[in-house]
Amino acid sequence: MEQSLDGLLAEEGRPKPYRRIEGDLSLGILILCDHAENTLPEAYGTLGLRSEDLHRHIAYDLGAAGVTEHLANALGAPALLTRFSRLLIDPNRGVDDPTLIMQLSDGLIVPANVGLSAEEIEARVNRFYLPYHRAVDRAIEAGISAGKPPVVLSVHSFTQAWKGVPRPWHVSVLWDKDPRLALPLLEALRAFPDIEVGDNVPYSGQLKGDALYRHATSRGLAHALVEVRQDLILAEEGQAEWGGRLATALSQVMRTGGALHAIELHGSNNEVSGHAGACAAG
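Residues numbered from 1 in each chain as written. Predicted model: local features only at pLDDT ≥ 70, side-chain atom pairs only at ≥ 80, totals over all residues. Heavy atoms only, no water.

Description of the pattern of salt bridges
Just so we agree on the cut-off: Only one rule defines a salt bridge in this text: a Lys or Arg side-chain nitrogen within 4 Å of an Asp or Glu carboxyl oxygen. Helix numbering and strand numbering both begin at the N terminus, where a helix is a DSSP run of H or I of at least 4 residues and a strand a DSSP run of E of at least 2. Accessibility here uses a 1.4 Å probe with only protein chains present; expressed as a share of the type maximum, an area under 20% marks a residue as buried, one over 50% as exposed, and anything in between as partly exposed.
Under the definition given, this model contains 16 salt bridges. The salt bridge partner of Arg219 is Asp137, with a shortest N-O separation of 3.6 Å. Note that Arg219 is positioned in the loop between helix 5 (211–217) and strand 11 (223–229) and Asp137 in helix 3 (residues 118–145), a separation of 82 residues in sequence. Arg219 gets classed as partly exposed once you look at its relative accessible area, which sits at 23%. As a salt-bridge pair, Arg219 and Glu141 come within 2.9 Å of each other at their nearest N and O atoms. In this pair, Arg219 sits in the loop between helix 5 and strand 11 while Glu141 sits in helix 3, placing the two residues 78 residues apart along the sequence. Here Glu141 falls in the partly exposed class, since its relative accessible area comes to 38%.

Concerning helix 2 (residues 64–75)
What counts is decided by this rule: Multiply 1.5 Å by the residue count of a helix minus one, and that product is the helix's expected span. Note on contacts: a residue pair qualifies if any of its non-hydrogen atoms lie within 4.5 Å across the two residues.
In this model helix 2 runs 16 Å from its N-terminal to its C-terminal C-alpha over 12 residues, within 8% of the 16 Å that 1.5 Å per residue would give. Considering only its buried residues, helix 2 is in contact with strand 1 (18–21), strand 2 (29–33), strand 3 (79–82), strand 6 (151–158) and helix 6 (236–254). Gly76 sits one or two residues past helix 2 and shows a positive phi near 75 degrees.

A few points about the packing of helix 4 (residues 182–190) against helix 6
Defined as follows: Angles run from 0 to 180 degrees between N-to-C directions of axes, and those axes are lines fitted to C-alpha atoms, restricted for helices to the stretch in contact. Note on terminology: angles under 35 degrees are roughly parallel, angles over 145 are roughly antiparallel, angles of 65 to 115 are roughly perpendicular, and the others are oblique. In this scheme the crossing of two helices becomes right-handed for a clockwise turn of the near helix relative to the far one and left-handed for an anticlockwise turn of less than a right angle. Gly is put with the polar residues, along with every residue not named as nonpolar or charged; the nonpolar set is Ala, Val, Leu, Ile, Met, Phe, Trp, Tyr, Cys and Pro, and the charged set is Asp, Glu, Lys and Arg.
Packing of helix 4 against helix 6 leaves a shortest axis separation of 9 Å and a crossing angle of 130 degrees. In terms of their interaxial angle, helix 4 and helix 6 are classed as oblique. When you trace helix 4 past helix 6, the crossing you get is right-handed. On helix 6, the residues touching Pro184, Leu185, Ala188 and Leu189 of helix 4 are Leu246, Ala249, Leu250, Gln252 and Val253. Class assignment for the residues of the contact of helix 4 with helix 6 results in eight nonpolar, one polar and no charged.

As for the confidence of the model for the chain
As a reminder, the rule being used: Per residue, pLDDT measures the predictor's confidence, with a range of 0 to 100.
Per-chain confidence: the chain averages 92 in pLDDT, with 91% of residues scoring 70 or above. Low confidence marks residues 1–5, where pLDDT is under 50. Its contacts with residues over four positions away, or in another chain, come to 10 contacts. Residue range residues 272–281 is modelled with pLDDT below 50. Its contacts to residues more than four positions away, or to other chains, number 27 contacts.

Quick look at unusual backbone geometry
Leave glycine aside and you will find that most residues have negative phi; peptide bonds, for their part, are mostly trans. A cis amide bond links Val201 with the next residue in sequence, Pro202, at an omega value of -5 degrees. Tracing the chain through its elements places Pro202 in the loop between strand 10 (197–199) and helix 5. Residues other than glycine seldom take positive phi values, yet Asp106 does so here, at roughly 50 degrees.

Side note on the packing of helix 2 against helix 6
Relative to each other, helix 2 and helix 6 sit at 45 degrees, their axes nearing to 8 Å. Compared by their axis directions, helix 2 and helix 6 come out oblique. The two elements helix 2 and helix 6 meet at a crossing, and its hand is right-handed. Where helix 2 abuts helix 6, its residues Gly66, Val67, His70, Leu71, Ala74 and Leu75 lie against Glu236, Gln239, Ala240, Trp242, Gly243, Leu246, Ala247, Leu250 and Ser251.

This is the structure:
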């Protein structure tokens, strides 16, 4: 089905809604960036927002794509990055999540998302959401077929303040019940001097239906989500610095091997769907 969707997009002259950084499957690592771009197809305009609003966190995770690129290149690991704004449809939500297509984000009404028909929602799911997730599925299957079920690391960014309250963390690791990647990654990051490392802040990693739940929790793959504070990665220099830090930390963790590549179903602390603590627009 994914190949036919990609083929249809190609026939229509549309780019794929994701891009891939090639890497060595034998490393047993897959890196994701769910909110990589603020891109909107021409037909959608600005969704009724001001153009400057599309350069805010409500539209994408600023700096996350650059960090992902540096991390993937440093490790030689494969990565998948979206090529559409989270305002169009959020790939880090389940299809039944009420925040899949945001009508209101950080106090802003998104006019083109208000009162959408079932047909338009389905069209966005089929054109943007599903091709990305099926590409992730393919990458995971390729890793398993290569004999190294991959650990899955998702890269995001968060704003330095929320409603006027500063956030002290430089980086944070979000996770659910599976500790295999998250705990050693926290330890490795805390070894860097003068860096404040958060654990499941400013969001919780416990969201049924999000990208890691769909691709890692439900499959029994070790996984974690890394959040880097945006003001540290707005420029190329910061993106390279944090990509390098994450590469160093992840390399250290991967040397432990063992259970990281085992398929183990740990379940979730949040088997009841909810979105209050998820990776939100802040």
